[in-house]
Amino acid sequence: MSLLRRILRLGVLLSPVIAVMCFPGAACAHRPVFAKDAAKDPKTAILLTEPQVSQVVYREITDKAHQIWLGFSVPKDFELYIQIGVPVMDHLKKFRPSMVLVGPGLPKKDAPLSIFKGTGARVFTTTQVKKPRFFHEHFTGTDSWILRSETIPLSDPGRYYLVAFSPDKQTGK
C-alpha cells in the first residue's frame, strides 16, 4: 500500500522560505523554484506544479509581504508532510513563524486569514518551540533550525494553499 500512497512533502523554512516536495523513497535533493510571483495572496501564490519532485522556494516575511502563499493540487487520499524552520542566524533565534493549510475537507475553524467558500483550514504554530532541531542541507551547504514537522492526511482532492506568516507580526528570513 505504501507504494500506492502518494505523499507530498512540503516543508517551509522561512527566510529563505523553502518548500520541499518528494515521494517516499525518492532521492530528495531540492530543486529550487525561482518565482517572480508576489506570493502574498492566493491570486499571486507560487504554484508548485510537480508535487512528485522535491522543490525549494525562497521567500521572506517582510513589512510589505506579511504572508507567503504556496499553491498546489493533490489527488484523493494524499498525505501532506509539512515542515517549518528558519535559517541558522543569530537574529532569527526567537523568530517563530506559523503556517496555515487551506483547502477542501479541512475543519471549518477559525483561521488567522480569510479562507475561500467550501474550504477549511489547519493552523500550525511554532511559538511553543524552545529548542529547534538543527538541520544541515549538504547540497546547498545551508543550516536551518527546524521548528515543526507534521503529516496531514488529505482525503479530498483539489487545490490547497500553504500560507506562512508571523503571528507576532515579526519580519525575517
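Since the structure is predicted, the reported quantities are computational estimates derived from the model, not experimental observations. (Residues numbered from 1 in each chain as written. Predicted model: local features only at pLDDT ≥ 70, side-chain atom pairs only at ≥ 80, totals over all residues. Heavy atoms only, no water.)

**Topic: unusual backbone geometry**
To keep it simple, the criterion reads: Whether a residue is buried, partly exposed or exposed follows from its accessible area with a 1.4 Å probe, protein chains only, as a fraction of its type maximum: under 20%, in between, or over 50%, in that order.
In this structure, Asp 77 takes a positive phi of about 55° despite not being glycine. Under the relative-accessibility criterion, Asp 77 is labelled partly exposed at 47%.

**A word on the sheet that holds strand E5 (residues 67–74)**
Definition in use: Note: two strands are recorded as paired if DSSP finds a minimum of 2 bridges between them. Here a helix means four or more residues in a row that DSSP labels H or I, a strand means two or more in a row labelled E, and each is numbered from the N terminus.
The five strands lie next to each other as E3-E5-E11-E7-E8, forming an open sheet whose pairing is mixed. Since the sheet does not close on itself, it has two edges, and those belong to strand E3 (46–47) and strand E8 (120–124), each with one partner. Examined bridge by bridge, E3 and E5 share two bridges and lie parallel to one another. Paired with Ile 46 across the two strands is Leu 70, which belongs to E5.

**What to know about the environment of Thr 142**
The following threshold applies: Any two residues whose heavy atoms approach within 4.5 Å at even a single point are treated as in contact.
Here Thr 142 is to be found in strand E10 (residues 142–154). Exposure remark for Thr 142: the relative accessible area of 39% places this residue in the partly exposed category. Separated by 55 residues in sequence, Thr 142 and Pro 87 have C-alpha atoms that sit 7.7 Å apart. For Thr 142, the contacting residues outside a window of four places in its chain are Phe 135, His 136 and Glu 137.

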